[in-house]
Every structure is written in C-alpha cells, then in structure tokens.
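This is what each chain is made of:
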Amino acid sequence: MPRQPESVNTEMSRLTISAGSSDKEEPKFHPLRTEWTMWYLDDHKQKNWMERLHEVHTFDTIEVFWSLMNAVPAPSRLNHACDYNVFRNKIQPVWEEPENKDGGRWLIETDQRMEADQINLIWTEILMAMIGEQFGQDSDNICGIVCNVRNKGSKISVWTSDADDRDANTRIGHVLKEKLMDLELPDGRRPVFSALRYEVHEDVQQKTSSLAPIRSTLVIRNSH
C-alpha cells in the first residue's frame, strides 16, 4: 500500500515519550554526558524552512533515548523531503547557529539501491556513537547528526564545529569509517557505500552545481 503523505507528519505531531517503569520501584536511569535534542523537518514545502522544523524531544539518559527511538518512525518510513536531526541541546540544526557556522560535515550518501533496513542501521549506529561520546578527545567538536530522506538517495551527515581543525575532523572521520566498516545486518549483508567525504558548510551554501567542493575523502569499500 502506498505511504500516505500526511501519515508520518500526523504520527510525529502526536508523539509522546515515556521512560518510566511499571514496577513500584523508582526507575534507574543512566545519564549521558550531555543533553541532546531531536528535531523533525516535515515535508510541507509550501512553508518556509523554519516553519517546517519541529523540536521533538530532549533527552539526557540512555533510557529516554531508547524510548524516543522506539516511539518515532524509522528514517526509512519518513516521507521524501523530511529530515531527522539530533543535535546537542541548545544548538538548532541550521547553518547560521554560532556553533555550526564555521563548521562542516562528514557526509554519507546512499542511493536507491540501499534498502530501508540498511539506512536505518547506519543512522542508529552513528547516532549511538555520537551520544555515547565515542569520538574520544574530539567528541565535543561534534554538533549533531542529520538524516535527509530524499527520492534519489538519502544522506546522513555528522556536523562538526570547526572546518579548519583538520586534525580533529580527520580523527572523527576515521572513527566513522571504522563504525561503517563494522556494520552488518542480521542476515550477514553489509550496507553498500563507497566513501565518506568532508564538506565545509560555507561551500555547500555557495555551491553552483549539485556538488560542493570536497575537502577530504575516506574510502570505505567499493560499492557493488
């Protein structure tokens, strides 16, 4: 059955998050080092961009994170032209933010050959690494993660705060590469992508063609 255009938007608007326990005991929570906020960009293109952007929920424990992940639709269920964003709390997922404006992004591009479960796996794996501060000394350089759902192929990108800090960005890229190379679906298949590339936000905004200048590339594996 074709996906109804309004179904996910309606589902997101009615979303409630609970992370309690049915037991009488006080629930135990495992705190994260920082707060994170999930944002949702709907597909109402007749509105301006900021009107389409909705704050979903802020979380600072592992339990609330998983409650949120279980409550929201997976990226593969979003309508085309929708986005998910998870950013450090108080940072909006826009280029103009002070924490974002001088930064860039590590970009993973998918294509129509990539199946839904593969896109969802990539999103979840990188998101867990980010909120779990698995980037070591460079974790604070990461502002957030974005998933752009598009008809011709979706994009997942990790935004960093300083495009000129090449050492930090390179280390972040290598951690992402390791995470992606280790991914495997339950049936043993591996997601198909060829490379990570780093783009500067300013270059992306000023690009005159479909591609922005690439500052750095990390080869993962040949796609086939």
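Just above, that's the structure.
Conventions adopted
- In every chain, residue numbers begin from 1 and rise along the written sequence.
- Owing to the predicted nature of the model, reporting of local features is limited to residues with pLDDT of at least 70; listing and counting of side-chain atom pairs is limited to 80 or more, with chain, interface and lining totals taken over all residues.
- Think of the side-chain values as coming from all heavy atoms in the structure, minus any hydrogens and water.
- Strands here mean DSSP runs of E at least two residues long; helices mean DSSP runs of H or I at least four residues long; both are numbered from the N terminus.
- Relative accessible area decides the class of each residue, using a 1.4 Å probe on protein chains only: under 20% of the type maximum gives buried, over 50% gives exposed, and in between gives partly exposed.
- In what follows, residue pairs with any heavy atoms lying within 4.5 Å of each other are defined as contacts.
- To measure how exposed things are, a 1.4 Å probe is used in the Shrake-Rupley method; for residues, cover is taken only from the protein chains shown.
- DSSP calls a pair of strands paired once it identifies at least 2 bridges connecting them.
- In plain words, nonpolar cores are sets of buried Ala, Val, Leu, Ile, Met, Phe, Trp, Tyr and Cys residues tied together by side-chain atoms within 4.5 Å.
- For this analysis, a ring pair means two rings from Phe, Tyr or Trp (six-membered ring only for Trp) whose centres lie within 6.5 Å, classed as stacked if their planes differ by under 30 degrees, edge-to-face if by over 60, and tilted for the remaining angles.
- Lines fitted to C-alpha atoms define the axes, with helix axes restricted to the stretch in contact, and inter-axis angles between N-to-C directions lie between 0 and 180 degrees.
- In protein, a polar contact requires one atom able to donate a hydrogen and another able to accept it; more generally it is a pair of N or O atoms within 3.5 Å, and residues adjacent in sequence count only if both atoms are side-chain atoms.

(A) How the structure looks around the overall build of the protein chain. Secondary structure summary: the protein chain contains six helices and eight strands in total. When its helices and strands are written in sequence order, the protein chain yields α-β-α-β-α-β-β-α-β-β-α-β-α-β. When burial is assessed residue by residue, the protein chain has 45% of its 224 residues classed as buried. Sequence separation of 24 or more characterises 72% of the internal contacts of the protein chain that already satisfy a separation of 6 or more. When the accessible area of the protein chain is evaluated, it comes to approximately 12000 Å², of which 47% is carbon and sulfur surface.

(B) Seen up close, the pairing of strand S1 (residues 31-41). Relative to strand S2 (residues 53-61), S1 is paired through seven bridges, and the arrangement is antiparallel. What sits directly across from Trp 39, in S2, is Glu 55. Both S1 and strand S3 (residues 83-88) contribute to a ladder of six bridges, which runs antiparallel. Opposite Trp 39, over in S3, you have Asn 85 as the bridge partner.

(C) Region of the structure containing the pairing of S3. Most of S3 is tucked away: six of the six residues are buried. Looking at chain direction, S3 and strand S5 (residues 142-148) are connected through five bridges and run antiparallel. Note on S5: the bridge partner recorded for Tyr 84 is Cys 147.

(D) Geometry of the nonpolar core. Counting 44 residues, the largest nonpolar core has Phe 59, Tyr 84, Val 86, Trp 123, Leu 127, Ile 145 and Leu 180 as its most contacted members. By residue number, the principal contributor to this core is helix H4 (residues 116-131), which donates seven residues.

(E) Inspection of the packing of aromatic side chains at higher detail. Considering all chains together, one arrives at six aromatic pairs under this definition. The interplanar angle of 25° and the centroid separation of 6.1 Å between the aromatic rings of Tyr 84 and Trp 123 together place this pair among those described as stacked. Here Trp 123 lies in helix H4 and Tyr 84 lies in strand S3, a separation of 39 residues in the sequence. Here Tyr 84 matches Trp 123 in class, with each residue buried. Each ring, one from Trp 106 and one from Tyr 198, has its centre 5.3 Å from the other, and the planes form 65°; the classification is edge-to-face. In this pair, Trp 106 is assigned in strand S4 (residues 104-109) and Tyr 198 in strand S7 (residues 195-200), connecting sequence segments 92 residues apart. Overall, Trp 106 belongs to the buried group, its relative accessible area being 2%.

(F) Expanded view of the sheet that holds S2. If you walk across this open sheet you meet the eight strands as S2-S1-S3-S5-S6-S4-S7-S8, and the pairing is antiparallel. With partners counted over all chains shown, the strands left at the sheet margins are S2 and strand S8 (216-219), one partner each. Between one strand and the next, the sheet's axes are offset by a mean angle of 20°, whatever the strand orientation. Where helix H3 (residues 62-71) meets the sheet, its contacts fall on S1 and S2, and the angle it forms with S2 comes to roughly 145°. Of the strands in this sheet, S1, S2, S3, S4, S5 and strand S6 (155-160) touch H4, which is tilted by about 170° from S5.

(G) Highlighting the side chain of Asp 42. You can see Asp 42 is positioned in the loop between S1 and helix H2 (49-52). Looking at Asp 42, its side chain comes within polar contact range of the side chain of His 54, at 2.7 Å. Apart from the residues lying within four places of it in its own chain, the contact partners of Asp 42 are Asn 9, Glu 51, Arg 52, His 54, Ala 81 and Cys 82.

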